[in-house]
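Read off the chains here:
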Amino acid sequence: MSEWQRTHTCGDLRPTHIGSPVTLNGWVLAIRGYPKQVFVDFKDRYGVTQVVFEADDAEVFAAAQALGREFCLSVTGEVRARIPGKERADIATGAVELVARSLTVLNACPTLPFEINEFGSELANEDIRLQYRYLDLRRKSLQNVIVLRHRLCKTIRDFLDARGFLEIETPLLGKSTPEGARDYLVPSRVHHGEFYALPQSPQLYKQLLMISGYDKYFQIARCLRDEDLRADRQPEFTQLDVEMSFVEREDILTLMEQLSAEILHTVHGLKVATPFPRLAYADAMVRYGSDKPDLRFGMEITDLTDLAAASEFPIIKSALADGGVVRALVVKGGAAKYSNSQLKPGGELPKVAETFKAKILLNAKATADATPDLLVKYFGDATHGPVRERLGVETGDLVLLIADKESIVADALGALRNHLGAALKLYRNWWDEKAEYDATEEAAAKKERRPAKAFEMKPEHFNFLWVVDFPMFMYDEDEKRHVAIHHPFTSPMDEDFARMESHPGECKAKAYDLVLNGSEVGGGSIRNHRQDVQSTVFKMLGMEADDAKARFGFLLDALQSGAPPHGGIALGLDRWCMILAGTTNIRDVIAFPKNKQARDLMSGAPAAVEPRQLKDLGIKLS
RNA sequence: GGGGAUGUAGCUCAAUUGGUUAGAGCGCCGGACUGUCGAUCCGGAGGUUGCGGGUUCGAGUCCCGUCAUCCUCGCCA
């Protein structure tokens, strides 16, 4: 054993170790120099131990003078009790300290480009932290997330393994199937002019595994999509991919409910109630303006189209004449919370509606002295009463209305509902509550030198919902054809098999989404295991028979070779991690993420390559 | 691809209507301090205000362009 190899971690030492010789390896967190001692807070991912270098040992004392923050060290010495009254209850090793007898600097560290500690000072800009990701990852809170992610994956693997699932790897180099997202392409050196595609998901392979008889499959799979990024989107992301044979929708939903409950229990010690509520897509869109509604708060949307039929108000009249709808949100007690300037065009709320293409956001305050009464103006003398009744308007409420195309009304009111829910604190993210709690509790604990009492999460912080009964197709105005709402391998409902071609807009799919706190955290479907049904779906998506054969011939052939009924789901692991870890930034849950421009700021990827490499590939840049 | 925000010291941020030599905290360097607690006290170094152009007697500040980063809509079967 090398002399520098550790006997314990920086989180291990306790009073029982007093008198023992130990060696610790780790990094310098902080140095406090005195004439007679140097104190070093010594850390690794397990904890922090105070190391003392004493002046009577001239050699180590001199060496300690030269230390800097984030140096990597090996320290050998003796564990001793801290002098009475100097113990610290707030750190695990606080009763003892290590007296250094020898010091090995394993590696020095230059002046830090940013503050690694997240203590007091604000975090540096993300781009500089991404550039030095290896330093940023030394931050305790990032380490916690990385550990949580491991715990999540381990829980999933154990859960599925215990139920007979096999984890099977599928290829990274596959065939481009230009339906849906853009593929990342990989040029073939052996076959000039030909390309592999990196998988957007293992969808086809897992279906083929079902056909091969591996009836319970899962994979924690990397998926790649060459699309523009968002705060919650990376070019490569991870899915828990699951597929089962001889199952129906309920089997998948039940399994995922059990898995979700198991995850919450293992990761956060919470017991969430199952089964999860279910909501039909159509209801979700009308009542919440979203296919992934956040049900931690109410504020449902109310349809007023029928009552608006006689309206003479120009905006409503023209919207209805164009086949549109009129729907409203009631903000309880909102009349006093939103000023007229926040409500007029360009104000806070209309801006939200405008983002989602709504031409105008109508409002009406229900106050005792409201003159003119805008609901009368919008709906007329005869109808404003029934409108008021249906909305349940009370004095002090604010009514927000949009009259427009149905999809616009749903999107805009759905966005407004989310905006209002956040602005009026109708729901709280657990991490926001925790931040408030920590700000007071940790400060108090620090002052009193006691361990901070941990914030307690509740099962109610995690609101699960299934959205089911999605439509099969959606007409794409730009492409002038139907596109699959889920994906083209999804099975229509049994009763819709026969009318896919005659009434595509009315067909529903055996698809389902798992929603957690207003985030889509999973999506799946029962697949087409009959070749004729699959062929019809392709046809409906505008694929000619030979086109379908060229792209998916292997699947169509396989479906005729004893394909069992099958279905599955994919959970967005990164998003799960975000919600469990309490962040809205996907980069916080990935060890080495890309930035918004899909660049790795640390390595510099993507980057130009040697002309020789291009020549090998037969590629000329224009 | 559209909209928005930001860019000033190693880091986080100031700098009045366009007006002296661009400041502070943290970090860094040096010193002090007999047990500290991600210290404290004293001193010091550190800037082509992202880059390029323009307006002006004078630009961190105004204008044009450009680059970078983030947020957002489109997009993401």
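Residues numbered from 1 in each chain as written. Chains lettered and ligands numbered in written order. Predicted model: local features only at pLDDT ≥ 70, side-chain atom pairs only at ≥ 80, totals over all residues. Heavy atoms only, no water.

A.B. asks: Would you take a moment to explain the overall build of chain A for this structure?
C.D. replies: Scanning chain A from N- to C-terminus turns up 18 helices and 21 strands. Counting only C-alpha atoms, chain A reaches 95 × 75 × 55 Å along its principal axes. Counting over 622 residues, chain A shows a buried share of 47%. Contacts spanning at least 24 positions in sequence make up 67% of the contacts within chain A whose residues lie at least 6 apart. For chain A, the exposed surface amounts to about 31300 Å²; the carbon and sulfur share of it is 52%. A distance of 4 Å separates the average location of the 78 positive side-chain charges in chain A from that of its 89 negative side-chain charges. (Helix = DSSP H or I, 4+ residues; strand = E, 2+ residues; numbered from the N terminus. Buried < 20%, exposed > 50% of the residue type's maximum accessible area, 1.4 Å probe, protein only. Contact = heavy atoms within 4.5 Å. Areas by Shrake-Rupley, 256 points an atom, 1.4 Å probe, with all protein chains shown as cover. Lys, Arg positive; Asp, Glu negative; His and termini not counted. Charge placed at Lys NZ, Arg CZ, Asp CG, Glu CD.)

A.B. asks: What should I look at first to understand the pairing of strand E5 (residues 96-107) in this one?
C.D. replies: In regular strands, side chains alternate between the two faces of the sheet. With two bridges joining them, strand E3 (residues 47-54) and E5 adopt parallel strand pairing. Bridge assignment links Val52 to a residue of E5, and that residue is Val99. Bridging between strand E4 (residues 72-81) and E5 involves 10 bridges; their strand directions are antiparallel. Residue pairing across strands places Ser74 opposite Thr104, the latter belonging to E5. (Pairing = 2+ DSSP bridges.)

A.B. asks: Which parts of the structure should I look at to understand the pairing of E4?
C.D. replies: Pairing of strand E1 (residues 21-33) with E4, which is carried by seven bridges, proceeds in the antiparallel orientation. Across the sheet, Gly26 pairs through a bridge with Leu73, a residue of E4.

A.B. asks: Please explain helix H10 (residues 348-355) as it appears in this structure.
C.D. replies: The complete set of buried residues in H10 reads Leu349, Pro350, Val352 and Ala353. Buried residues of H10, seen end-on, are gathered within an arc of 155 degrees and therefore sit on one face of the element. Among the exposed residues of H10, those oriented more than 90 degrees off its buried face are Lys351 and Thr355. The inward-facing, buried residues of H10 abut helix H9 (340-343), strand E15 (398-404) and helix H13 (406-423). Positioned one or two residues after H10, Lys357 has a phi angle of 75 degrees, which is positive. (Arc of directions from axis to C-beta.)

A.B. asks: In this structure, what is going on with the environment of Ile263? I would like to understand it.
C.D. replies: Its place among the elements puts Ile263 in helix H6 (residues 249-268). For Ile263, a relative accessible area of 0% corresponds to the buried category. Placed 141 residues apart in sequence, Ile263 and Asp404 show a C-alpha to C-alpha distance of 42 Å. With sequence-adjacent residues up to four places away left out, Ile263 is seen in contact with Leu152, Thr155, Ile156, His268, Trp576 and Leu580.

Function-wise, these values are silent; they only describe arrangement.
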